[in-house]
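Breakdown of the fold
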Amino acid sequence: MLSPKRVKWRKQFVGRSRGFAARGANLDFGDFGLQATESGKLTARQLEAGRIAISRSVKRGGKIWVRVYPDTPVTKKAAETRMGSGKGNPEFWVSNILPGKVLFEMNGVTREQAQEAFQRAAHKLPFKTRFLVRE
């Protein structure tokens, strides 16, 4: 799973997810892409599951770019712990996704292959997505 090697702070505030993606909303590398149309949190496990689904669908053909990275820690308190006594320990890593963010890009495959691969990956993700084609 993806996680940062070092972080400046172990624990982060939850924060809010508002607005649209200011950066990373265009196809920069490949001819086909998968773009988020809703906001949400994408865990490292979900991202990896999507990447594997794409690579298996195209039978390791073409080139795949993963445009997001899970760099926000999510903490959890242990089960059956009383209220108080501070914040829990970091359990997993997420990437905060805004609408319009391109998650995956692909090149070197046909449109039908890319559409099928991204459809399989979209089933692994916790929000709605759409298929992009470079014009």
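Read on for a plain summary of the structure. (Residues numbered from 1 in each chain as written. Predicted model: local features only at pLDDT ≥ 70, side-chain atom pairs only at ≥ 80, totals over all residues. Heavy atoms only, no water.)

Turning our attention to the sheet that holds strand E7 (residues 129-133). The pairing of strands in a sheet happens through backbone hydrogen bonds and is either parallel or antiparallel. Overall, antiparallel pairing links the four strands, which are arranged E3-E6-E1-E7 in an open sheet. Pairing within the sheet leaves two strands with one partner each, and these edge strands are strand E3 (63-66) and E7. On average, each strand axis in the sheet is tilted by 20° relative to the strand beside it, whichever way the strands run. Pairing of strand E1 (residues 32-36) with strand E6 (residues 102-107) involves four bridges; the strand directions are antiparallel. Counterpart to Phe32 in the pairing with E6 is Met106. Sheet strands in contact with helix H1 (residues 44-57) are E3 and E6, and its direction is about 20° off that of E6. Seen against the sheet, helix H2 (residues 111-122) touches E1, E6 and E7 and runs at an angle of roughly 30° to E1. (Pairing = 2+ DSSP bridges. Helix = DSSP H or I, 4+ residues; strand = E, 2+ residues; numbered from the N terminus. Axes fitted to C-alpha atoms, helices over the stretch in contact; angles between N-to-C directions. Contact = heavy atoms within 4.5 Å.)

Its location among the elements puts Ser55 in helix H1. Setting aside its immediate chain neighbours within four residues, Ser55 contacts Arg60 and Ile64.

Moving on, we come to H1. Counted at 1.5 Å a residue, the expected span for H1 with its 14 residues is 20 Å, and the 20 Å between its end C-alpha atoms agrees. All of the buried residues in H1 are Ala44, Leu47, Gly50, Ala53, Ile54, Ser55 and Ser57. Downstream of H1 by a residue or two, Lys59 has a phi angle that is positive, lying close to 55°. (Expected span 1.5 Å × (residues − 1). Buried < 20%, exposed > 50% of the residue type's maximum accessible area, 1.4 Å probe, protein only.)

Between its first and last C-alpha atoms H2 spans 16 Å; for twelve residues at 1.5 Å apiece the expected length is 16 Å, and the two agree. Among the residues making up H2, those that are buried are Ala114, Ala117, Phe118, Ala121 and Ala122. Buried residues of H2 fall within an arc of 140° about the axis and therefore sit on the same side. Of the surrounding secondary structure, the elements contacted by the buried residues of H2 are E1, H1, E6 and E7. (Arc of directions from axis to C-beta.)

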